[in-house]
Amino acid sequence: MDMERPNRHLSRRRFLKGAALSAVPYALLPDPRAGAQTQVVDYPSAEWHAASTSNYTPSERPGSYAIDRVVIHVTQETYADTLSIFRNPQKKVSAHYLVRSSDGHVAQCVHEADIAWHAGNWDYNTRSIGIEHEGWVDRPEYFTDTLYAQSAKLTAAICETHGIPKDREHIIGHYQVPGTDHTDPGPFWDWVRYIRMVNFA
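Residues numbered from 1 in each chain as written. Predicted model: local features only at pLDDT ≥ 70, side-chain atom pairs only at ≥ 80, totals over all residues. Heavy atoms only, no water.

As annotated in an unreviewed UniProt entry, the protein carries the name N-acetylmuramoyl-L-alanine amidase and comes from Streptomyces sp. 900105245.

Next up, the structure:
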C-alpha cells in the first residue's frame, strides 16, 4: 500500500499518479471486479487465487516451451477445497484455472507462462494449460450449463492466444495424458457439445 503523508503537494501527487496510470495499457491492470486478486490475470474474467510457489514451475512460456494443448480435468473436490489444495505447498499439484460448477466463475491459480503440475507427465505439463472443473466424474449434475459455457469461453480464449486448434486432438481429457491413472473428465463429460461450444465461443 502506498502510504503518503498529507502535505500541500498531495493533490499534485495524486494527479501525477493518475496520469501515470492512464498511460498503462488497461489489459495490464488488475480486474477491479476481482478484489481478491493481487496479480494480473491472463484471462480477463478470472479472479486471481495463487497456488503455492511449491506447486508449479516458474517459466517463460511460450519462449521456454511451446503451448499446444489444453487439458480438461475434474477436481473430485469442491471448488473451495481445490483452491486450498493448490495453496498447500505439501500437495505438489496445481492447475492454471479452476471453474466453479454453480455459476461458472473462473479462478486463475498459475500464470499461463508458468508450468502447472496438473497432468502427471512433465512433457505434457510443459506444453499445456490445465483447466480444473469443480465436480466428480460420476456426478453429472456438477457439469452445469453455466460451467460448460464459461469453460468453453476460457478454452477458446486460450486457444486463440496460443494458436491452438480447437479440436479434440489439442483439447484433451486428463485420461488421455500418457502414463496417467486418472479417468477425468469421465464418461459424463459431453465432448461433442464442449468442442462445439469452444468453436462458437
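Moving on from the model shown.
Here the focus is the packing of aromatic side chains. For the coordinates displayed, the defined rule picks out 9 aromatic pairs. Taken together, the ring pairs in this structure connect Phe143, Tyr148, Trp189, Trp191 and Tyr194 into an aromatic cluster. One Lys or Arg, arginine 168, reaches over the ring of tryptophan 191 and ends 3.7 Å from the middle of that ring. (Phe/Tyr/Trp six-rings, centres within 6.5 Å; stacked < 30°, edge-to-face > 60°. Lys NZ or Arg CZ within 6 Å of the ring centre and 35° of its normal.)

Time to look at unusual backbone geometry. Most peptide bonds adopt trans geometry, and most residues besides glycine take a negative phi value. Residue proline 62 is reached from arginine 61 by a cis peptide bond, and omega for that bond is 5°. Of note, the bond from aspartate 184 into proline 185 is cis; its omega dihedral lies within 30 degrees of zero at 10°. Mapped onto the fold, proline 185 is located in the loop between β8 (171–173) and α5 (191–200). One non-glycine residue, glutamine 76, lies in positive phi territory at about 60°. The residue glutamine 76 is located in the loop between β3 (69–74) and α2 (79–87) in this model. A positive phi is found at lysine 92, a non-glycine position, where the angle reads about 55°. Here lysine 92 lies in the loop between α2 and β4 (97–99). Overall, the relative accessible area of 46% leaves lysine 92 in the partly exposed class. (Helix = DSSP H or I, 4+ residues; strand = E, 2+ residues; numbered from the N terminus. Buried < 20%, exposed > 50% of the residue type's maximum accessible area, 1.4 Å probe, protein only.)

On to the nonpolar core. With 31 residues, the main nonpolar core has Tyr97 and Tyr194 as its most contacted residues. Looking at this core, the elements that each hand over two or more residues are β3, β4, β7 (128–133), α4 (145–162) and α5. Among the elements that line this core, the one with the most residues is α4, at 7 residues. Counting residues in hydrophobic clusters, the runner-up holds 11 residues, among them Ala51, Leu98, Ala107 and Val110. (Core = buried A, V, L, I, M, F, W, Y, C linked by side-chain atoms within 4.5 Å.)

Attention now goes to the pairing of β7. Each regular strand displays side chains that alternate between the two surfaces of the sheet. Across the 6 residues that make up β7, a large majority, 6, are buried. Side chains Ser128, Gly130 and Glu132 project from β7 onto one buried face, and the interleaved Ile129, Ile131 and His133 project onto a second face that is buried too. With 6 bridges connecting them, β3 and β7 associate as parallel partners. Paired with arginine 69 across the strands is serine 128, a residue of β7. Two elements, β4 and β7, share 3 bridges in a ladder whose sense is parallel. (Pairing = 2+ DSSP bridges.)

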